Amino acid sequence: MLQALLDSKDFLALTLANPHTFDGTFSFKLGDHTQVEVWDTGVIVFEPVHNEGKDIVLSCGVHGNETAPIELCNGLITQLLQQKIIAKQRTLFLIGNPLAINNGTRIIDENMNRLFSGEHSNPPGLINPERIRAKKLEAYVDKFYTSVTDGRQRIHYDLHTAMRASKHEKFAIYPYRPGRAFSGEQIMFLAASGVDTVLFHHEPTTTFSYFSSERYGADAFTIELGKVYPMGQNDMTRFIATHEMFMRLITAKPLELTDFDADKVNLYQVCRVINKHADDFEFTFATDVENFRSFPKGFVLAREGGQDIKVEQEFESIVFPNAKVPIGNRTVICLIPAVNAHVR
Ligand SMILES: O=C(O)CCC(=O)N[C@@H](CCC(=O)O)C(=O)O
Ligand SMILES: [Zn+2]
């Protein structure tokens, strides 16, 4: 019955019509080339009969109001279902938070992108829609990566859009990966996809991309594809390069990447993350200040509990400032240029 609904080839519509879960799983074949498995609402796997050795996860809608990546992924899913393109790599699509997408909001109860690496069960017994879903998403990623032999390349692009405009419209967060060099090839893939700016994170986090990177050794990134707009109001022409490169990746077409060149991208190092400790936390700058705005040493960025929080480095650029987060959460990421990043 659910499978019949997919006759329209619109997996997002099927997902949003069943936002909690599907009653069972189903699978079917596309021609003689691809097995399709639907593991849950928003969870679809394309399993080529012959694949080229990459296991690719594309996730979107972990934040329900970040719609451009959802439209982008659904477009790719539809093209695959219509056999307009044929997967040559194993590919798992995850539509993260269908309840929040239906609600048109970032979250229902809690920020899902702070609930990975087991944080969904901390403290035990605290249950909400995001905790339930984050735990399931972890299990689907685990099943996808571990159901095949080792030695394959694991990739996870967790796609988002940002609340504010950014000096660099599209950028990626490279999760902390001690002991593993950053991949120049991945950075050039991102650049070819229109994502010309990368932030190297400096510590473990509880984000989805860190989970796949740390637990499965995946080349994983949180990717910000621009500013957030309501469903249907995205200018999809801004994603032509991203769509093209994701399509080439999935279909194993030549990526035609140039060698890593630090001059072709903007590389930043996270120097610190400022967390919220009190309800009176406030930024000194206007709400429309864009991501990557740089402030000089000594500038008072924020105030909290009667204390000034000042810029410590010569200059620091700010990303994702948000004073309205729960106590204990990140209010802003501060960046300096990355000069000595170990890229290979
Ligand atoms: O625009 C904003 O303030 C937030 C956009 C967003 O959702 N960003 C991700 C980044 C995750 C990471 O640091 O890897 C998030 O906050 O979850
Ligand atoms: Zn997001």
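Residues numbered from 1 in each chain as written. Chains lettered and ligands numbered in written order. Predicted model: local features only at pLDDT ≥ 70, side-chain atom pairs only at ≥ 80, totals over all residues. Heavy atoms only, no water.

(A) Up close: the UniProt feature "active site" (unreviewed entry) in the protein chain. Under the UniProt annotation, the feature "active site" (unreviewed entry) is placed at E224. Look at E224 and you get buried, because its relative accessible area is 5%. With residues near it in sequence (within four places) discarded, E224 still touches H160, T161, A162, E169, K170, F171, I173 and F320. (UniProt positions renumbered as here; feature names shortened; annotations may be inferred. Buried < 20%, exposed > 50% of the residue type's maximum accessible area, 1.4 Å probe, protein only. Contact = heavy atoms within 4.5 Å.)

(B) Quick look at the coordination of the zinc ion (ligand 2). Those protein atoms acting as donors to the zinc ion (ligand 2) are H63 (ND1), E66 (OE), E66 (OE) and H160 (ND1), and they sit at 2.0 to 2.4 Å. As a motif over one chain, the donors of the zinc ion (ligand 2) read H-x2-E-x93-H. Judged on exposure class, the residue H63 and its partner E66 are both buried. (Donors = N, O, S within 2.8 Å, 3.2 Å for Na, K, Ca; no water.)

(C) Structural context of the packing of aromatic side chains. Taken as a whole, this structure holds 25 aromatic pairs when the rule is applied. Judged by centre distance (6.0 Å) and plane angle (90°), the ring pair of F46 and F93 falls under edge-to-face. Of this pair, F46 sits in strand 3 (residues 43–48) while F93 is found in strand 5 (residues 90–95), placing the two residues 47 residues apart along the sequence. Residue F93 is classed as buried on the basis of its relative accessible area of 1%. Summarising the aromatic geometry, the rings of Y174 and F221 are spaced 4.2 Å apart at their centres and angled 55° between planes, so their arrangement reads as tilted. Of the two residues, Y174 is situated in strand 7 (residues 171–174) and F221 in strand 9 (residues 219–227); the sequence distance between them amounts to 47 residues. Judged by its relative accessible area of 0%, F221 is buried. An aromatic cluster is present here, built from Y157, Y174, F182, F189, F200, F221 and F246 joined pairwise through their rings. Positioned over the ring face of W39 is K143, at 4.1 Å from the centre of the ring. Lying over the aromatic face of Y229, K227 brings its terminal NZ or CZ to 5.6 Å of the ring centre. (Phe/Tyr/Trp six-rings, centres within 6.5 Å; stacked < 30°, edge-to-face > 60°. Helix = DSSP H or I, 4+ residues; strand = E, 2+ residues; numbered from the N terminus. Lys NZ or Arg CZ within 6 Å of the ring centre and 35° of its normal.)

(D) Geometry of the layout of surface pockets. By volume, the largest pocket amounts to about 870 Å³. Considering the residues around the largest pocket, the lining is formed by 41 residues, among which N111, N113, R114, N329 and R330 are closest to the centre. When residues of the lining of the largest pocket are traced back to their parent elements, those giving at least two are strand 6 (153–162), strand 9, strand 10 (266–275) and strand 16 (330–337). Residues of the lining of the largest pocket, tallied by class, amount to 13 nonpolar, 16 polar and twelve charged. Taken domain by domain, the makeup of the lining of the largest pocket includes at least three residues from each of domain 1 (1–251) and domain 2 (273–337). (1 Å grid on protein atoms, 1.4 Å probe; cavity = no way out; pocket = protein on both sides within 12 Å on 5 of 7 lines; lining within 4 Å. Points joined across faces, edges and corners; volume = space filled by probe spheres on them. Nonpolar A, V, L, I, M, F, W, Y, C, P; charged D, E, K, R; others polar. Domains from an automatic or database assignment.)

(E) Expanded view of unusual backbone geometry. Between N122 and P123 the backbone carries a cis peptide bond, its omega angle lying at 0°. Among the secondary structure elements, P123 is positioned in the loop between helix 4 (98–103) and helix 5 (129–146). With a phi angle near 50°, E256 is a residue other than glycine that sits in the positive phi range. Position of E256 relative to the elements: it lies in the loop between helix 8 (240–251) and strand 10. The exposure class assigned to E256 is exposed, which follows from its relative accessible area of 64%.

(F) Expanded view of the confidence of the model for the protein chain. With 99% of its residues at a pLDDT of 70 or more, the protein chain has an overall mean of 97. Taken element by element, the protein chain is modelled with least confidence in helix 1 (residues 2–5), mean pLDDT 69, and with most confidence in strand 4 (residues 54–60), mean pLDDT 99. At the level of chain-chain contacts, confidence expressed as ipTM amounts to 0.97, with global pTM at 0.98. (pLDDT = per-residue confidence, 0-100.)

(G) Focus on the UniProt feature "binding site: Zn(2+)" (unreviewed entry) in the protein chain. The feature "binding site: Zn(2+)" (unreviewed entry), as annotated in UniProt, sits at H63, E66 and H160 in this numbering. These annotated residues cover 98 residues of sequence, and their C-alpha atoms all fall within 7.4 Å of one another, placing them together at a single site. Of the residues named above, H63, E66 and H160 line the largest pocket. Tracing the backbone through its elements, the reader meets E66 in the loop between strand 4 and helix 3 (67–81).

(H) Broad picture of the domain arrangement of the protein chain. In terms of domain boundaries, the protein chain breaks down into domain 1 (1–251) and domain 2 (273–337). When each unit is reduced to the centre of its C-alpha atoms, the spacing between domain 1 and domain 2 is 29 Å. The partner domain 2 presents 17 residues to the 16 residues of domain 1 that form the contact. When domain 1 packs against domain 2, close to 1200 Å² is buried across both sides, 58% of that on carbon and sulfur atoms. Sorting the residues of domain 1 by area buried against domain 2 places R114, R164 and L199 first, and these three jointly supply 45% of that buried surface. Scanning the region where domain 1 abuts domain 2 turns up zero salt bridges. Connecting domain 1 to domain 2 are six residue pairs in polar contact (both at pLDDT 80 or more). Of all the secondary-structure elements, those providing two or more residues to the side of domain 1 that touches domain 2 are strand 7 and strand 8 (197–200). Of the residues that constitute the side of domain 1 that touches domain 2, the class distribution is six nonpolar, five polar and five charged. (Buried area = accessible area lost by both parts, 1.4 Å probe. Salt bridge = Lys/Arg side-chain N within 4 Å of Asp/Glu carboxyl O. Polar contact = N/O pair within 3.5 Å; in protein donor to acceptor, adjacent residues only side chain to side chain.)

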